[in-house]
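In case you want the letters, here they are:
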Amino acid sequence: MSAGSPLVFRPSFAQRAMAMLLFAGSWLVGVRALAQIMERLPVLRASLRVAESAGEPTWSFWIAVTAAIGAVVAGGLLLLGTLLCVLMVEGSQVLVDEMGLSVEHNGLPAPLARKFGAGRLLWKHISRLERSGPFFVVRGGGEPQPDGPKDPTLRILLVDELERLVLTILERSPNLKIEE
């Protein structure tokens with residue numbers, strides 16, 4: 001690698017397409033479920049009124065309404081999760097240069113991107129490389145800094161040529177500790 005020309009790792013077209021398909025599928029399933037719930041809500045309401053007028057217990061109807069609301073909330077959280085995943089895949093890139101490693105999540109606002117693992121680490125500051133859920137996590141703390149800011153924890157979700165990136169990190173990080 002020549003000085004001044006960093007290596008750039010991004011998700012491949014196939015990885016980005018898979019993320020978009022998962023996102024679109026989640027939206028289609030969520031919209032269909034919401035439509036079914038909204039379609040059956042008038043029937044539940046009418047059944048509730050009939051049961052109340054007949055003096056029958058209505059707890060089973062309230063359980064059904066509560067379950068429907070819970071399904072809508074759970075579906076909304078799933079949709080937000082898939083949206084976050086798509087934004088991370090679409091806007092992620094990892095830059096490797098002579099000084100260190102930089103992870104960017106351009107699709108997310110800066111504070112959220114930092115929370116999800118964007119940042120920069122010098123090679124001598126990398127202390128650990130591990131797998132945590134869907135992420136590869138690069139942790140700082142390899143060389144202590146007396147007054148400097150705390151090293152960030154970098155998270156990499158998907159990149160093309162991930163093996164090459166991991167081998168580069170292993171080769172260039174002098175303070176890297178490998179846990180077995």
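Structure: above.
What counts, and where the lines are drawn
Residues numbered from 1 in each chain as written. Predicted model: local features only at pLDDT ≥ 70, side-chain atom pairs only at ≥ 80, totals over all residues. Heavy atoms only, no water. Helix = DSSP H or I, 4+ residues; strand = E, 2+ residues; numbered from the N terminus. Rg over C-alpha atoms; globule rule 2.2 N^0.38 Å. Buried < 20%, exposed > 50% of the residue type's maximum accessible area, 1.4 Å probe, protein only. Areas by Shrake-Rupley, 256 points an atom, 1.4 Å probe, with all protein chains shown as cover. Contact = heavy atoms within 4.5 Å. Pairing = 2+ DSSP bridges. Axes fitted to C-alpha atoms, helices over the stretch in contact; angles between N-to-C directions. 1 Å grid on protein atoms, 1.4 Å probe; cavity = no way out; pocket = protein on both sides within 12 Å on 5 of 7 lines; lining within 4 Å. Points joined across faces, edges and corners; volume = space filled by probe spheres on them.

1. Details of the overall build of the protein chain
Counting its secondary structure elements, the protein chain contains four helices and seven strands. The linear arrangement of helices and strands in the protein chain, starting from the amino end, is β-α-α-β-β-α-β-β-β-β-α. Against the 2.2 N^0.38 benchmark of 16 Å for 180 residues, the protein chain shows a C-alpha radius of gyration of 24 Å, more extended than a compact globule. Structurally, the protein chain occupies a C-alpha span of about 80 × 35 × 30 Å along its principal axes. Counting across all 180 residues of the protein chain, residues that qualify as buried make up 28%. Total accessible area on the protein chain stands at roughly 11,400 Å², and carbon and sulfur atoms take up 64% of it.

2. Let's talk about the side chain of His-105
Structurally, His-105 can be placed in strand S3 (residues 100-105). Given the relative accessible area of 3%, His-105 is considered buried. Other than its neighbours up to four places away in sequence, His-105 contacts Met-88, Gly-91, Ser-92, Ala-113, Phe-116, Gly-117, Ala-118 and Arg-155.

3. Some words on the environment of Phe-13
Topologically, Phe-13 is positioned in helix H1 (residues 13-54). Classification of Phe-13 by relative accessible area gives exposed; the value is 65%. For the pair formed by Phe-13 and Leu-162, sequence separation is 149 residues and the distance between their alpha carbons is 14 Å.

4. Here we look at unusual backbone geometry
The backbone of Glu-161 shows a phi angle near 60°, a positive value even though the residue is not glycine. On the basis of relative accessible area, Glu-161 is assigned to the partly exposed category, the value being 39%.

5. A closer look at the sheet that holds strand S7 (residues 153-156)
Strand order in the open sheet formed by three strands is S5-S6-S7, and the pairing between neighbours is antiparallel. Among the strands making up the open sheet, the edge pair consists of strand S5 (126-132) and S7. Each adjacent strand pair in this sheet contributes to an overall mean axis angle of 20°, direction not counted. With six bridges connecting them, S5 and strand S6 (residues 135-140) associate as antiparallel partners. Each bridged residue has a counterpart across the sheet, and for Leu-129 the counterpart in S6 is Val-138. Sitting on the sheet, helix H4 (residues 162-172) touches S5, S6 and S7, and the angle it makes with S5 is about 150°.

6. Here we look at the layout of surface pockets
Considered as a void within the structure, the largest pocket measures approximately 200 Å³ in volume. Ser-26, Val-29, Gly-30, Ala-33, Leu-34, Ile-37, Ala-71, Val-72, Gly-75, Gly-76, Leu-78 and Leu-79 are the residues that line the largest pocket. Of all the secondary-structure elements, those providing two or more residues to the lining of the largest pocket are H1 and helix H2 (59-91).

7. Remarks on the sheet that holds strand S1 (residues 7-9)
The strand order across the open sheet formed by four strands is S1-S2-S3-S4, and the pairing between neighbours is antiparallel. Edge positions in the sheet fall to S1 and strand S4 (119-122), since each of these pairs with one other strand and no more. Sheet twist, expressed as the mean angle between neighbouring strand axes with direction ignored, is 15°. Helix-sheet contacts for H2 involve strand S2 (92-96) and S3, and the interaxial angle to S2 is about 35°. On top of the sheet, H4 reaches S1, S2 and S3; it is set at about 35° to S2, its chief contact.

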